[in-house]
Amino acid sequence: MAPLNCMTSDIKRAILRCCMAVAAAVALWGCSTTKHVPQGRLLLDVVDIKVEGDSLQVAELYNFLRQQPNHKVLGFAKLQLATYSLSGKDSTKWYNKWLRNMGQAPVVYSEELTEASRRQLEQALINRGYMDVNVTVDTVADRAKRKMKVEYLIQPGQPHRIYTMSYSIPDTAIARILRQNLQVFDVHNGDLFDRTRLDNMRANISSVLRDNGYYSFNKDYIYFTADTVRGSKDIALTMHLKPYQERDAETGEVVERLIGQSAPPMPTYKIRHVTFVTDYNPRESGGTLEFGHQDTIDYRGYQMLYGPDHYIAPNTLEEKCYIAPGQLYNARNVERTYQGLSQLGILKFINIEMQPVRDKDGEEYLDAYILLSRNKKQGVTLELEGTNSEGDLGFGVGATYKHRNLAKHSELLTVKLRTAYESLSGNVDGFINNRYTEYAGEVGITFPKFMAPFLPSEYKKRRQANTEFAVSFNYQERPEYTRVIAGAAWKYSWSHRRGSYSIRHQYDLVDINYVRLPKSTLNFLDSIAPTNPLLRYSYEDHFIMRMGYSFYRSNRRVPTATTNAFMMQPSITTIRGSVEMAGNLLYAISSITGQKKHDGAYKIFGIQYAQYVKGEADYTYTLNLNNRSGLAFHVGLGLAVPYLNSTMVPFEKRFYAGGANSVRGWSVRTLGPGSYDSKNSVTDFVNQCGDILLNLNMEYRAKLFWVLEGALFVDAGNIWTIRDYENQPGGVFKIDKFYKQIAAAYGCGIRMDFTYFLLRFDLGVKAHNPAMNQEPWPLLHPSWRRDTNFHFSVGYPF
């Protein structure tokens, strides 16, 4: 959704008054925070943890407390508690219910929970190797104010460390596999005797073995023994593997062994049969693996059970399955099968069941049942939107049709249609006499596989890629001109996980963009841009044929209904990158065929085609300080260079600064390049683009109450050109000047977090303005009308 950067000063003042009202409410009711504390009880006001020495990180120890005081916004204001305190005694009234739902009830001191917190702190430190830890509690009650302060004093003592680490693994087959995967042994001599790390090592070993056929293995087969010497903190640790307990095939009871008889090695399981049940209904089957009458097809060793409608082809299911008859059981292949089948939009429900079986020779096998249920084949969605572009009112209507199984291979056909009308005079008469009209359409088909004829089949299956073909058409009509924009694309996209990181790739094999103006008013270009190549380019016929690659890597987890962005993980790292090139193939063909240049450039269909290279890199790091606040840092860089057939990068491919996701003291496309001074943001925006981009951002985010979050931010950055263009004075990048031209802004924001989407309202204020003939330091002499900008957008800025 495009950010809205236009807002009158009256609305800005109203927002400021609301912020001041909230602050006043906090101050007014701050003294009545014990209003809803029962008589004879105390409000838990302050909780501190103090540690003797500096061997422990205190901040993370608060997570083990069973009771903590009400949250403070910005470290001092208990805004949620103040909101709750505004409610009356009668909880049946809607007004009081509403305030209590938005706020937070007072945390009443509990002696039992305090003791439980003390024990939990003690146990947590014992688990980390501090076996001699001593945790005491000191309480200070203020009866007059009805508040309690609790202090936990931790004396950790000297920790126990692992002196030697040894292994007892009598099963030679398992020992051989583990020797080939030494990375699972992440506990070494000299480490703390940390039980959490030991448990993680057990889980890692279990994961490796389950990827090598040991279906029945779990971490409970692994245990440790520890030997210590009196008076020493050193531990001799030994990891043991429990002997396999064979069970009777009929009774399921453990088979008794004679004295001195060794246990058999743990069996590995091979896949015997793989069966797809394409119309699985758990209600009809009663949760069992009995499926009644089904139409059965054998395809390349796989068994397909169909209902009356063979809605998906067997080869499509086989391509997405990584479980093969005859191979050893591999838990990773099961997960990859889930991922592959989830690419098929026609499937709604996917479940994989493993059934252990034993043949007549006593060999252990697994029968794999892949249970599927179908999604709706077709769907239509309608969209209606209102627009307001610099006071020009309008509306748009759109419709999207989707077919999720076009040819029984789960191909996704998408057809989008859109029309928009806008009054260019800001009133209703403009819809008839002075209007902008747009008609747009797009048709795309996505295949759930890597459609590349020259790549090996195994490589394509391993990538789990989607292939997309799309064409688009856009017709725009204004009083001054008529413009037609046509496009075509061939793209690949795939994703995978590596540890805790989600990684996505997109490769645009070819992306064509063609712009033509079949009709314009007499001397239109000469009247609006007699000497401005940037503006002329936007309204002239042009052709771009590009290829590109983009990359995304992040450990961000998806929030749930019971968690927020700060509760999910201690830190989030996100990296984005992209590179694209245009015109190289066309230039090579033009050169080889000996085509003549016109005005110093080659042309195709009588149109000069663009030739450039462009790259972008983006890094974001979010440090969650606790489960209600965090700090986010962001760096964005970009570079675009025209060459050979072009002297300028196409306007739509150049960078811009300002706006909801950049330097928020400026509205979008009103900053830069360099020290360029814009005289009119409406008519001069075409000059405010560049070839070099720099964005630096820092933002503090805190949960307030209800769905509201607050933010304080500082932004810096700008754009520059790589060449000295006549229409962009002061915009060229110079190594001895660029740092003086970095713009700076600060501000605050309110966000509404609805779990699966977030609405953002930010107010940015200029701090340093590099534009010529402007006040360089608005921070010292701020002007509300000149130096502030309001932004509305969806999602975090980075």
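Model, not experiment: these values are computed from the prediction.

(A) Spotlight on the overall build of the protein chain. Scanning the protein chain from terminus to terminus reveals 16 helices and 29 strands. Taking as baseline every contact in the protein chain between residues at least 6 positions apart, the subset at least 24 positions apart corresponds to 64%. For the protein chain, the computed accessible surface area is about 42,200 Å², with 55% contributed by carbon and sulfur atoms.

(B) Region of interest: the sheet that holds strand E10 (residues 347-358). Spatially, E8-E9-E7-E11-E10 is the arrangement adopted by the five strands of the open sheet, whose pairing is mixed. With one partner strand each, in any of the chains shown, strand E8 (295-299) and E10 form the two edges of the open sheet. Neighbouring strand axes in the sheet, compared pairwise and without regard to direction, differ in orientation by 20° on average. Summarising the sheet, E8 and strand E9 (residues 302-306) pair through five bridges and their orientation is antiparallel. Its bridge partner being in E9, Thr296 is matched across the sheet by Leu305.

(C) Examining the pattern of salt bridges more closely. Summed over the entire model, instances satisfying the criterion amount to 34 salt bridges. The salt bridge partner of Asp511 is Arg546, with a shortest N-O separation of 2.9 Å. Taken as a pair, Asp511 in strand E18 (residues 501-520) and Arg546 in strand E19 (residues 542-554) lie far apart in primary sequence, 35 residues in all. Comparing Asp511 with Arg546, the two get one shared label, buried. Members of the salt-bridge network, linked through shared partners, are Arg664, Glu699, Arg701, Asp715, Arg751, Arg760 and Asp762.

(D) View of unusual backbone geometry. Note that the residue after Gly672, namely Pro673, is joined by a cis bond; omega there is 0°. Even without being glycine, Phe605 reaches a positive phi, approximately 55°. Structurally, the position occupied by Phe605 is in the loop between strand E21 (603-604) and strand E22 (607-608). Taking relative accessible area as the criterion, Phe605 reaches 70% and is therefore assigned exposed.

(E) Local environment of the sheet that holds strand E2 (residues 134-142). The sheet built from three strands is open, its strands ordered E1-E3-E2 with mixed pairing. Strands at the two margins of the open sheet, each flanked by one partner only, are strand E1 (43-51) and E2. The mean angle between the axes of side-by-side strands here comes to 15°, regardless of whether they run parallel or antiparallel. Both E1 and strand E3 (residues 147-155) contribute to a ladder of eight bridges, which runs parallel. If you follow Leu44 over to E3, its bridge partner there is Met148. Helix H5 (residues 111-127) contacts E1, E2 and E3 of the sheet and is inclined by roughly 20° relative to E3.

(F) Here's a closer look at the packing of helix H6 (residues 172-179) against helix H7 (residues 195-210). Where H6 contacts H7, the two axes come as close as 10 Å, and the packing angle between them is 105°. Taken together, the axes of H6 and H7 lie roughly perpendicular to each other. Taken together, the residues of H7 that come into contact with H6 (itself represented by Ile174, Ile177 and Leu178) are Ile205, Val208 and Leu209. Of the residues belonging to the contact of H6 with H7, the class tally is six nonpolar, no polar and no charged.

(G) Examining the nonpolar core more closely. If you look at the biggest cluster of nonpolar residues, it comprises 25 residues, and the most contacted ones within it are Val274, Phe276, Leu317, Ile323, Leu341, Met354 and Leu372. Every element with two or more residues in this core is listed here: strand E7 (270-277), E9, helix H10 (331-342), E10 and strand E11 (364-374). What Leu372 contacts, discounting residues up to four positions off in sequence, is Phe276, Val277, Thr278, Asp279, Tyr280, Tyr311, Leu317, Leu341, Leu347, Phe349 and Ile350. Within the second largest apolar cluster, 24 residues are counted, among which are Ile174, Leu178, Val208 and Leu237.

(H) Looking closely at the packing of aromatic side chains. As enumerated under the stated definition, the model contains 27 aromatic pairs in all. Aromatic rings pair up to connect Phe447, Phe450, Tyr459, Phe469, Trp490, Tyr492, Trp494 and Tyr507 into one cluster. Positioned over the ring face of Tyr501 is Arg553, at 3.8 Å from the centre of the ring.

(I) A look at the pairing of strand E25 (residues 692-703). Taken across its 12 residues, E25 has nine buried, putting it largely inside the fold. Bridge count for strand E24 (residues 629-642) against E25 is 11 bridges, and the pairing is antiparallel. By the bridge assignment, Gly638 is partnered in E25 with Leu693. Sheet topology note: the E25/strand E26 (residues 708-720) ladder contains 12 bridges and is antiparallel. By the bridge assignment for E26, Leu696 is matched with Ala716. Counting the residues in the hairpin turn of E25 and E26 gives four residues, including Trp706, whose phi is positive at 55°.

(J) Quick look at H10. Helix length check: H10 (12 residues) gives 17 Å between terminal C-alpha atoms against 16 Å at 1.5 Å per residue, within 8%. For H10, the full list of buried residues reads Asn333, Val334, Thr337, Gly340 and Leu341. Angularly, the buried residues of H10 cover 120° about the axis, an arc narrow enough to put them on a single face. Within H10, the exposed residues directed more than 90 degrees away from the buried face are Arg332 and Ser342. On its buried side, H10 packs onto E7, helix H9 (314-319), E10 and E11. Where H10 begins, one side-chain oxygen reaches toward the backbone nitrogen of Arg332, 2.8 Å away; that side chain belongs to Asn330.

The rules behind these values
Residues numbered from 1 in each chain as written. Predicted model: local features only at pLDDT ≥ 70, side-chain atom pairs only at ≥ 80, totals over all residues. Heavy atoms only, no water. Helix = DSSP H or I, 4+ residues; strand = E, 2+ residues; numbered from the N terminus. Contact = heavy atoms within 4.5 Å. Areas by Shrake-Rupley, 256 points an atom, 1.4 Å probe, with all protein chains shown as cover. Pairing = 2+ DSSP bridges. Axes fitted to C-alpha atoms, helices over the stretch in contact; angles between N-to-C directions. Salt bridge = Lys/Arg side-chain N within 4 Å of Asp/Glu carboxyl O. Buried < 20%, exposed > 50% of the residue type's maximum accessible area, 1.4 Å probe, protein only. Parallel < 35°, antiparallel > 145°, perpendicular 65-115°, else oblique. Nonpolar A, V, L, I, M, F, W, Y, C, P; charged D, E, K, R; others polar. Core = buried A, V, L, I, M, F, W, Y, C linked by side-chain atoms within 4.5 Å. Phe/Tyr/Trp six-rings, centres within 6.5 Å; stacked < 30°, edge-to-face > 60°. Lys NZ or Arg CZ within 6 Å of the ring centre and 35° of its normal. Expected span 1.5 Å × (residues − 1). Arc of directions from axis to C-beta. Polar contact = N/O pair within 3.5 Å; in protein donor to acceptor, adjacent residues only side chain to side chain.

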